[in-house]
Amino acid sequence: MSQDANIDDVQEPITSAPPEVRQIIERVWKLEKGRLDKKINSHINDNILDIIKEEVR
């Protein structure tokens, strides 16, 4: 199996998700990317919960 096929398999649940779910995934991804860029090792659960609550409203 090629690497491209593996990437497609991994991304398939994201690409086929409803727009609301993709929005949550994108916001959490950006949050985590920012934390990794700044080498912040604090807990992220509360931030993720806030994102989900905002999107559900």
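Everything in this summary refers to the structure shown in the same document. (Residues numbered from 1 in each chain as written. Predicted model: local features only at pLDDT ≥ 70, side-chain atom pairs only at ≥ 80, totals over all residues. Heavy atoms only, no water.)

**Describing the pattern of salt bridges**
No. 1: As enumerated under the stated definition, the model contains five salt bridges in all.
No. 2: In this structure, Lys30 and Glu26 form a salt bridge, with 3.1 Å as the shortest nitrogen-oxygen distance. Of the two residues, Lys30 and Glu26 are both situated in helix α2 (residues 19–37); the distance of four residues between them amounts to about one turn of the helix.
No. 3: Relative accessible area serves as the criterion here: at 47%, Lys30 is assigned to the partly exposed category. (Salt bridge = Lys/Arg side-chain N within 4 Å of Asp/Glu carboxyl O. Helix = DSSP H or I, 4+ residues; strand = E, 2+ residues; numbered from the N terminus. Buried < 20%, exposed > 50% of the residue type's maximum accessible area, 1.4 Å probe, protein only.)

**What to know about the packing of α2 against helix α3 (residues 45–56)**
No. 1: Following both chains from N to C, one finds α2 and α3 inclined at 150°, their axes separated by 10 Å at the closest point. As far as their axial angle goes, α3 and α2 are roughly antiparallel. Crossing angle aside, the handedness with which α2 passes α3 is right-handed. Two secondary-structure elements touch here, α2 through Gln23, Ile24, Arg27, Val28 and Leu31 and α3 through Asn47, Ile48, Ile51, Ile52, Glu54 and Glu55.
No. 2: Grouping the constituent residues of the contact of α2 with α3 by class yields six nonpolar, two polar and three charged. (Axes fitted to C-alpha atoms, helices over the stretch in contact; angles between N-to-C directions. Parallel < 35°, antiparallel > 145°, perpendicular 65-115°, else oblique. Left-handed = near helix turned anticlockwise from the far one by under 90°. Contact = heavy atoms within 4.5 Å. Nonpolar A, V, L, I, M, F, W, Y, C, P; charged D, E, K, R; others polar.)

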